[in-house]
Structures are given as C-alpha cells and as structure tokens.
Amino acid sequence: MSNLYQIAIDGPAAAGKSTVAKLAAKRLGAFYVNTGEMYRTIAWACLKEGIDISAPEKVELALAKWTMTFQNDGNGEIEIVFNGKPVVKAELRTADVAMASSNVAKIPAVRAWMLQKQRDCRMLGTIIMEGRDICTIVLPDATAKFFITATPEERARRRFAQSGEVAAGATIKSVAAEIAERDKQDENRPIAPLKPAADAKVIYTDGMTPEEVADLVIATFKEKAKL
Ligand code: DC
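On to the sheet that holds strand S7 (residues 144–149), then. Ordered in space as S2-S6-S1-S7-S8, the 5 strands form an open sheet in which the pairing is parallel. One side of each edge strand has no neighbouring strand; the edge strands of this open sheet are strand S2 (31–34) and strand S8 (201–204). Neighbouring strand axes in the sheet, compared pairwise and without regard to direction, differ in orientation by 20° on average. Here 5 bridges tie strand S1 (residues 6–10) to strand S6 (residues 127–131), and the two strands are oriented parallel to one another. Each bridged residue has a counterpart across the sheet, and for Ile9 the counterpart in S6 is Glu130. In the packing of helix H1 (residues 17–28) onto the sheet, contacts are made with S1, S2, S6 and S7, and the angle to S6 comes to roughly 175°.

Here it is as structure tokens:
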C-alpha cells in the first residue's frame, strides 16, 4: 500500500475487537493501535499513585505532570511510553484496571488530553485503531469504519476465557455483570459515548470466527479504499 489509510473500529467490551484488529493489521501490514490501553494506563497510574478517580480535578492535576508517547514495538503494534517508561501490558489487564479505565474515560480533561495524541498515531503509517469513539470522534475521516459487537452472553464467555482479565473467584455471571456495568457507563457518558457511527459497518460476531470477521473488515476496507 503506497497511501496511508486509517481503519477505525469501535464496539463494547469483550466484543473481540482487539483479536480482529490484530489479525487484519498483520494481513494488511498495518499498524495496530489499541486506545483502550491508553485509558487503562491512566487508570493504572491513578490506582498506583492513590489518586481518587472520582475527583476529576485530582486526575486533571496529575495529567499536567504526566507524559504519554507511543513507539513502534517492532511487532506491528504500538508500545505506550508513560512518563518515559514502556508500559507493561499485562499490568493493564486486570478487572480493577478495566473498571477504573471506564471511570477515568468519563473525565473530559482525560479525553481532551488523549485526543491529539491518538490522532497523531496516523503518522505511524496505515493504522487500524480500535476503541469506543474512534469512528465518531477520533478519526471521523477514516477510510473504513466498523462497529464490532456480540450478544452480552457471548462477550461474557469470551472475556471469561481470557484468564488475566478476570478477578479470582469470578464466575461467568459476575463477568457479565462487570461488562454490562462498563458498557452502560461507556454508552451513557456525555462526552464521546460508545455508539455506532452513522456510516460504520456494524458486525454482529456471534457464530463467526475472528478470521471471518477479519476477512469482512479487510474486504470492506479494500472496497472503500478502491484497492
Ligand atoms: O477497550 P478496553 O476495554 O481496553 O477499554 C477500557 C475502557 O477505556 C473502556 O471501558 C472505556 C475506555 N475507552 C474509551 O472511553 N474510549 C476509547 N476510545 C477506548 C477505551
């Protein structure tokens, strides 16, 4: 591909966005950008430093001192560099950080802090960026836009199968409740709520393999890009 393109993917928690985006990025030779990890990094830092997430002004004060940049991890993904150090992705994949990330993502100052940094990822090359507001706010001019989702039951099953993300003693029922709470919060916040963009292709992934979803994403993108 000689031109630079952007593929934007939104969708609720545990819908399989990351798996599909990674597969499609590998096949297209594109760069994979996970914006959820950016919010998770802020949540992780707040939890680590004892900053009260329910007090937006305290988070905003901390943001003024923090830096976040991105670099190529050498494997086709971005590495988040937070306050000069690469973030350890496994530390972001806990149930506590997941819930806290949805809470910090409601804070207008956090979203404003993030927006230009995310848009600057376009300079990395052709990108596949996933999150909650990528099609609607971050990359409204993306070449192809998708809303990837699945039924709550299917998403709970998928999340339950990802051991790292699930708290000790959790059940499918408790995981489903955690996902539902996070989705409700992400869908109902006043700024950049989770919703399908009017021009996004909505893909219901129940009964589909990640490869099948990636095939559909790639075919739709190629059609839009006239490749
Ligand atoms: O995709 P994820 O589950 O890792 O995202 C964690 C949280 O971050 C999610 O519950 C809401 C927030 N988020 C957001 O508000 N906007 C994005 N573009 C990506 C994530």
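This next bit is on the environment of Arg111. Assignment of secondary structure puts Arg111 in helix H6 (residues 108–120). Linking Arg111 and Thr41, residues 70 residues apart in sequence, is a C-alpha distance of 13 Å. The contact partners of Arg111, leaving out residues within four places of it in the chain, are Tyr39, Ala105, Asp133, Arg189, Ile191 and Ala192.

Following both chains from N to C, one finds helix H5 (residues 95–104) and helix H9 (residues 172–188) inclined at 10°, their axes separated by 9 Å at the closest point. The orientation of H5 relative to H9 falls into the category roughly parallel. The crossing of H5 and H9 is left-handed. Between H5 and H9, the contacting residues are Ala98, Met99, Ser102 and Asn103 on the first element and Glu178, Glu181, Arg182, Gln185 and Asp186 on the second. In the contact of H5 with H9, the residues fall into 2 nonpolar, 3 polar and 4 charged.

H9 packs onto helix H8 (residues 152–161) with a crossing angle of 115° between their chain directions and a minimal axis gap of 9 Å. The pairing of H8 with H9 is recorded here as roughly perpendicular in orientation. Seen along the crossing, H8 lies across H9 with a hand that is right-handed. Side by side, H8 and H9 meet where Arg155, Ala156, Arg157, Arg159 and Phe160 of the first sit next to Ile172, Val175, Ala176, Ile179, Arg182 and Asp183 of the second. By residue class, the composition of the contact of H8 with H9 is 6 nonpolar, no polar and 5 charged.

Our next topic: the packing of aromatic side chains. This structure, assessed with the given rule, holds 3 aromatic pairs. Relative to Phe221, the ring of Tyr5 lies with its centre 5.4 Å away and its plane at 80°, an arrangement referred to as edge-to-face. Remark: Phe221 occurs in helix H10 (residues 210–225) and Tyr5 occurs in the segment before S1; sequence separation between them is 216 residues. The same class applies to Tyr5 as to Phe221, namely buried. Ring centres 5.3 Å apart and planes at 70° place the aromatic pair Trp66 and Phe82 in the edge-to-face group. With Trp66 in the loop between helix H3 (56–63) and strand S3 (68–72) and Phe82 in strand S4 (residues 78–82), the pair connects residues that are 16 residues apart, well separated along the chain. Of the residues examined, Trp66 reaches a relative accessible area of 8% and is grouped as buried. Taking the relative accessible area as the measure of exposure, Phe82 reaches 6% and is therefore buried. One Lys or Arg, Lys117, reaches over the ring of Trp113 and ends 3.9 Å from the middle of that ring.

How each quantity is defined
Residues numbered from 1 in each chain as written. Predicted model: local features only at pLDDT ≥ 70, side-chain atom pairs only at ≥ 80, totals over all residues. Heavy atoms only, no water. Pairing = 2+ DSSP bridges. Helix = DSSP H or I, 4+ residues; strand = E, 2+ residues; numbered from the N terminus. Axes fitted to C-alpha atoms, helices over the stretch in contact; angles between N-to-C directions. Contact = heavy atoms within 4.5 Å. Parallel < 35°, antiparallel > 145°, perpendicular 65-115°, else oblique. Left-handed = near helix turned anticlockwise from the far one by under 90°. Nonpolar A, V, L, I, M, F, W, Y, C, P; charged D, E, K, R; others polar. Phe/Tyr/Trp six-rings, centres within 6.5 Å; stacked < 30°, edge-to-face > 60°. Buried < 20%, exposed > 50% of the residue type's maximum accessible area, 1.4 Å probe, protein only. Lys NZ or Arg CZ within 6 Å of the ring centre and 35° of its normal.

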